Amino acid sequence: MLNKISVSEMTYGETYRNAKYSVTTPSGYVGIQIGVPNNELDALLAKDGVNEACLMTAFNPLGQKVDDNINARANQALESSIQAMSLPYYLGLGQDPKGDWQEESYLIMGIDIDGAKQLGSQYQQNAFVWIAKLSAPELVWLR
């Protein structure tokens, strides 16, 4: 039913689903694909003793391109918010397959889905990548 699909999902859905996501960990690079189970992510969750995580950015609020300096400041504020929650995190990146854009992000370990939704809303994001142990990464739409 069309009325149950958000504007952002209709507008950005394919772009977000096809984006290349990655995280840099002490053990190396971990690639993330929406809908594809990932043993490396499961191992990372286990290493940190958590069952869930989210990959989130503060870049380009509401899907609107903004100045690089504004994006950098927003992401610094997001990192400070993560640190205030005392949750472990890793640096990440989301980019379109053609390489036309990229957004720095954070893989936030141990955050629950409600906390991730609240944080994503606070930083005016359309969506974030949700990761649960033994499940394929998925997009969670906020708008």
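Novice: For the pairing of strand β1 (residues 20-25), give the residues involved together with the corresponding values.
Specialist: In terms of strand pairing, β1 meets strand β4 (residues 89-95) through five bridges, oriented antiparallel. Its bridge partner lying in β4, Lys 20 is registered against Gln 95. Looking at chain direction, β1 and strand β2 (residues 28-32) are connected through five bridges and run antiparallel. Each bridged residue has a counterpart across the sheet, and for Thr 25 the counterpart in β2 is Gly 28. Two successive antiparallel strands, β1 and β2, enclose a turn made up of two residues.

Novice: Quick one: what's the story with the sheet that holds strand β3 (residues 52-56), residue by residue and with numbers?
Specialist: Taken in spatial order, the seven strands of this open sheet run β2-β1-β4-β5-β3-β6-β7, and their pairing is antiparallel. Single-partner strands in this sheet number two, and they are β2 and β7 (138-141). Strand after strand, the sheet turns through a mean of 30° between neighbouring axes, direction not considered. Along the sheet, helix α3 (residues 68-84) contacts β3, β4 and β5 (102-109); its crossing angle with β5, the most-contacted strand, is approximately 5°. Here helix α4 (residues 113-122) sits on the sheet in contact with β3, β5, β6 (127-132) and β7, set at roughly 160° to β6.

Novice: I'd love a proper account of the confidence of the model for the protein chain, names of residues and values included.
Specialist: Looking at the protein chain, the pLDDT average stands at 91 and 91% of residues meet or exceed 70. In this model residues 1-7 is a low-confidence stretch, pLDDT under 50, and it forms five contacts with partners more than four residues away in sequence or in other chains.

Reading the values: the criteria
Residues numbered from 1 in each chain as written. Predicted model: local features only at pLDDT ≥ 70, side-chain atom pairs only at ≥ 80, totals over all residues. Heavy atoms only, no water. Pairing = 2+ DSSP bridges. Helix = DSSP H or I, 4+ residues; strand = E, 2+ residues; numbered from the N terminus. Axes fitted to C-alpha atoms, helices over the stretch in contact; angles between N-to-C directions. Contact = heavy atoms within 4.5 Å. pLDDT = per-residue confidence, 0-100.

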